[in-house]
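Architecture and fold: a report
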Amino acid sequence: MNKTTIAVLSLLLPAAVFMPVSPAPAGSDYLRVTKPYADSMRLAVPIFQNEGAERPDLAAEISNLLIANLALPGYFIPADNTDFVREQDEEDRTRGRIDLGGWSTLGVEALVKGTYRVDGDRVSVSASAFSVSRGRQLYGKRYSGDLSRWRWIVHTISDEIIEALTGEKGFSRTRIAFVATHEGERKIHLMEASGGEVRKIDSGRGFALYPSWDPDGQSLAYTSYSSGFPWLVLDNLRTGKRRVVSAQPGMNALSSISPDGRSIALTLSRDGNPEIYLVRLDGTGGLRRLTNSPAVECSPSWSPDGNRIAFVSDRTGTPQIYVMNSDGSNVSRLTRRGRHNVSPSWSPRGDLIAYSSLIDGKFEICAVNVNTGEETRITSDPYRNEEPSWAPDGRHLVYSSRRYGRNNLMVIDIRNPRPIQITDGRDCTNPAWSPIQAR
Amino acid sequence: MDRAGLVLFVIAAIVFFNGCARHRPDVMADPDTRLAALEGYDIPLAEITEGRAFVEPRPEDALILKNVHFDFDDSSIRDDAKPVLEGIAAWMTNNPRAELMIEGHCDERGTREYNLALGERRALSVRSHLIGLGVSERRLHTISYGKEKPLCLESNEACWQRNRRAQFRVSYGTDRDRRAELPPPPAEVRRQIDREVVREERVSLPRDEEAPRGRAIHRYYQ
């Protein structure tokens, strides 16, 4: 089963082997790469060349996936795949060298070229990335592995190119869990971060709502209505084992697994009112109640150091974001503005808590600085934006946005807020972004 | 089938399907605690579904088990709901084996997560009102669907009001004995469940052709 290990055959070789590089003309040597946040780089990705005879269809598939992955963080804007791009690529191949000057004339600032080859059930993919303005190759690698894992190879290459060109960590090797309607029922789905490979999780009959990831990236906690009651289930996506974590009377929902993976904070109504409780995932220690008020307390989210928990409480009459220590002590209110602040998500960098806020009669994504209490608005558009969840880089968010009467998921860079739509469905909500996954 | 019957069935299902599950002794007398004692087991959820006991009220009962409605962002029992709940309490007295599942629902305006909690609050406030009218709390169960099960989809006050509701399903308590007599599933079914390893299935999202498409990450190569 495990012949999927991907071997790196060569470092910084492929392009140097195929073709010499001629630099762009002097004068264009400004370094967008060193300050990647100033603006997005125009990126050209000529279609990958098939070096063998098998699977010619993969050329477009690989190129499209790579472009989707590179476009997602917003550091690059893919240049249109015009005749100019195709002609320049052909010219490079005819002349046997990459003419960065020619690419520069097309307005291209970053260039990714590559080849692939399929032999039976094996595939190898080579890719090189160039800073056109610096006239330099910054990345070159060849990966080979099991053909069934070709998407994973492209994800790996994508993240490495992003890091080589921008210095930022990519997140192509993550998945996003979300809720979508399938045959009339709300079900948990999974997809790649850039929107590919949408799959429904088999959770039995009935609704399955509110996914949250185990920090190991393998298991997903969610509320399953399969028994007729809303029980909290931990679903190991690798082994297919599902385990009931909490089957208390009333709701068992809106959970968050601690960063050490040992405990889960969740919302229960067993004592007559939605409150936040803590359960150890090994089943020992029983149930520990963390909040205690006549108001609604719900939606816990752990801090990355595992010491604190953000949550929603309407104890003042309107729902607001609060934080407390993970034993329930030291409760303090974080959000001050607005009448409806909900769905907190604590950034993996620890500094910000993203949430959804009712502003001028409409929900927008905001973030509050945990230390200073400063509230920043992130989205600003005519749509209803809800349920933020952080990418592992602590810089990007996925959230659900209601546009033209349909809910879809958007990804946004909080430093350069230009949302990118990643689903094309009707009712995609409640996204949960996974940690970087190992395979 | 009532809660206790469901628990017995579930436990039977667990023992049957998961002979290797972690030993968890001490199934206590209180039904809620017994239900909680299931926690930690690998439960074949698809099988438990068979134990779903709560059904839509019979037509003649639906006249009594009517929806009760709530104000926006509020879970307190309104005056217009009180006579309905008194009728339901009397019905419960006349149907001593019946149990009620009180479903809490919200309109589309709030956020999903907070609405789940609000829907639960609505169900709970109906429950405590019925307890106040003398119905045993053992016969009253709550479930919240937040805003995931609307009765109507328009964005106007009339529709929002219909959706801000508590709704009732009933366990008549008549199928308990029949359930207890059901033979265990045949061995083939069990083998099939054991074999169920590949659990992800590919689907495409439902599309709405009329609305404009806005994929920012477009297909680049055909």
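None of these values were measured; they are calculated from a predicted model.

1. Side note on the pattern of salt bridges
By the definition in use, this model includes 41 salt bridges over all chains. Linking Arg93(A) and Asp89(A) is a salt bridge whose minimum nitrogen-to-oxygen distance equals 2.9 Å. Of this pair, Arg93(A) and Asp89(A) both sit in helix α3 (residues 83–95), four residues apart, which is roughly one turn of the helix. Residue class for Arg93(A) comes out partly exposed when judged on its relative accessible area of 34%. The partner of Asp92(A) in a salt bridge is Lys113(A), with the nearest N and O atoms 2.8 Å apart. Linking Asp92(A) in helix α3 with Lys113(A) in strand β7 (residues 110–119), this pair joins segments that are 21 residues apart in sequence. Asp92(A) sits in the buried class, given a relative accessible area of 1%. Each member of the salt-bridge network shares a partner with another, and the members are Arg186(A), Glu387(A), Asp427(A), Arg112(B) and Glu148(B).

2. Things to note about the sheet that holds strand β16 (residues 242–246) of chain A
All names here are of chain A. Spatially, β13-β14-β15-β16 is the arrangement adopted by the four strands of the open sheet, whose pairing is antiparallel. If you trace the sheet from one side to the other, it starts and ends with β13 (208–213) and β16, each paired once. Strand after strand, the sheet turns through a mean of 30° between neighbouring axes, direction not considered. Pairing between β13 and strand β14 (residues 219–224): four bridges, direction antiparallel. Directly across from Ser-212, in β14, lies its bridge partner Ala-221.

3. A few points about the confidence of the model for chain B
All names here are of chain B. For chain B, the average pLDDT comes to 70, and 55% of its residues sit at 70 or higher. Counting interchain partners and residues more than four positions distant, the pLDDT-below-50 stretch residues 11–52 has 91 contacts. Across residues 175–219 the pLDDT falls below 50, and counting only partners more than four positions away or on other chains, this stretch makes 72 contacts in the model. What the predictor reports for the complex is a pTM of 0.82 with an ipTM of 0.85.

4. So, the side chain of Ser255(A)
Residue and element names in this part refer to chain A. Residue placement: Ser-255 occurs in strand β17 (residues 252–257). Judged by relative accessible area, Ser-255 falls into the buried class, the value being 9%. Within the structure, the side chain of Ser-255 is placed 3.2 Å from the side chain of Ser-212, a separation counted as a polar contact. Not counting residues within four places of it along the chain, the set of residues in contact with Ser-255 comprises Ser-212, Ala-221, Leu-232, Ile-264, Ala-265, Leu-266 and Pro-300.

5. Some points on the sheet that holds strand β20 (residues 287–289) of chain A
Residue and element names in this part refer to chain A. Across the sheet, four strands lie side by side as β17-β18-β19-β20; this open sheet has antiparallel pairing. In this open sheet, the two edge strands, each paired with only one partner strand, are β17 and β20. Each neighbouring strand pair of the sheet contributes to a mean axis angle of 30°, computed without reference to strand direction. Sheet topology places strand β19 (residues 275–280) next to β20; three bridges connect them, and they run antiparallel. Paired with Val-279 across the strands is Leu-287, a residue of β20.

Parameters and conventions
- Residues numbered from 1 in each chain as written.
- Chains lettered and ligands numbered in written order.
- Predicted model: local features only at pLDDT ≥ 70, side-chain atom pairs only at ≥ 80, totals over all residues.
- Heavy atoms only, no water.
- Salt bridge = Lys/Arg side-chain N within 4 Å of Asp/Glu carboxyl O.
- Helix = DSSP H or I, 4+ residues; strand = E, 2+ residues; numbered from the N terminus.
- Buried < 20%, exposed > 50% of the residue type's maximum accessible area, 1.4 Å probe, protein only.
- Pairing = 2+ DSSP bridges.
- Axes fitted to C-alpha atoms, helices over the stretch in contact; angles between N-to-C directions.
- pLDDT = per-residue confidence, 0-100.
- Contact = heavy atoms within 4.5 Å.
- Polar contact = N/O pair within 3.5 Å; in protein donor to acceptor, adjacent residues only side chain to side chain.

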